[in-house]
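Structural overview for review
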Amino acid sequence: MAFITSDSVIGSMAEILAENLSGKAVTGSDGAELGMLYNITMDIDTGRLDNLIIDPNEHIDTSGFDTDEQGRLLVPVGRVQAVKDQMIVER
């Protein structure tokens with residue numbers, strides 16, 4: 001079982017069970033529905049979280065985001081503003 005911990009990135013939530021995040025809806029701070037969380041990357045050496053990997057909605061403007069080979073959005077964890085029923089990321 002993996003836990004995600006981050007005081008500065010995920011606000012007041014100290015610990016979130018990683019498996020509870022899989023498949024969570026991700027919305028931009030502008031209200032646009034970006035897609036569903038596919039995975040989270042982590043730096044093996046430091047244990048720090050790097051990027052959210054988001055399976056994007058078909059008609060979403062992906063400008064401003066890097067993408068992987070499969071077209072998934074790579075969103076730096078530092079852009080996460082809130083995690084509740086959905087994740088909110090800075091656009």
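Residues numbered from 1 in each chain as written. Predicted model: local features only at pLDDT ≥ 70, side-chain atom pairs only at ≥ 80, totals over all residues. Heavy atoms only, no water.

1. Considering the confidence of the model for the chain
With 78% of its residues at a pLDDT of 70 or more, the chain shows a mean pLDDT of 81. Low pLDDT (under 50) marks residues 1-14, which in the prediction has 28 contacts with non-local residues, meaning those over four places away or in another chain. (pLDDT = per-residue confidence, 0-100. Contact = heavy atoms within 4.5 Å.)

2. A few points about the packing of aromatic side chains
With the rule as written, the count across this model stands at 0 aromatic pairs. The ring of Tyr38 has Arg72 lying over it, and the distance from NZ or CZ to the ring centre is 3.8 Å. (Phe/Tyr/Trp six-rings, centres within 6.5 Å; stacked < 30°, edge-to-face > 60°. Lys NZ or Arg CZ within 6 Å of the ring centre and 35° of its normal.)

3. Re the sheet that holds strand 6 (residues 66-67)
The pairing of strands in a sheet happens through backbone hydrogen bonds and is either parallel or antiparallel. Spatial strand order, 6-7-5-4-3-9-8: 7 strands in an open sheet with mixed pairing. Looking at which strands have only one partner, the edges of the open sheet turn out to be strand 6 and strand 8 (80-83). Bridging between strand 4 (residues 33-42) and strand 5 (residues 49-56) involves 6 bridges; their strand directions are antiparallel. The residue bridging Met42 from the neighbouring strand is Leu49, located in strand 5. (Pairing = 2+ DSSP bridges. Helix = DSSP H or I, 4+ residues; strand = E, 2+ residues; numbered from the N terminus.)

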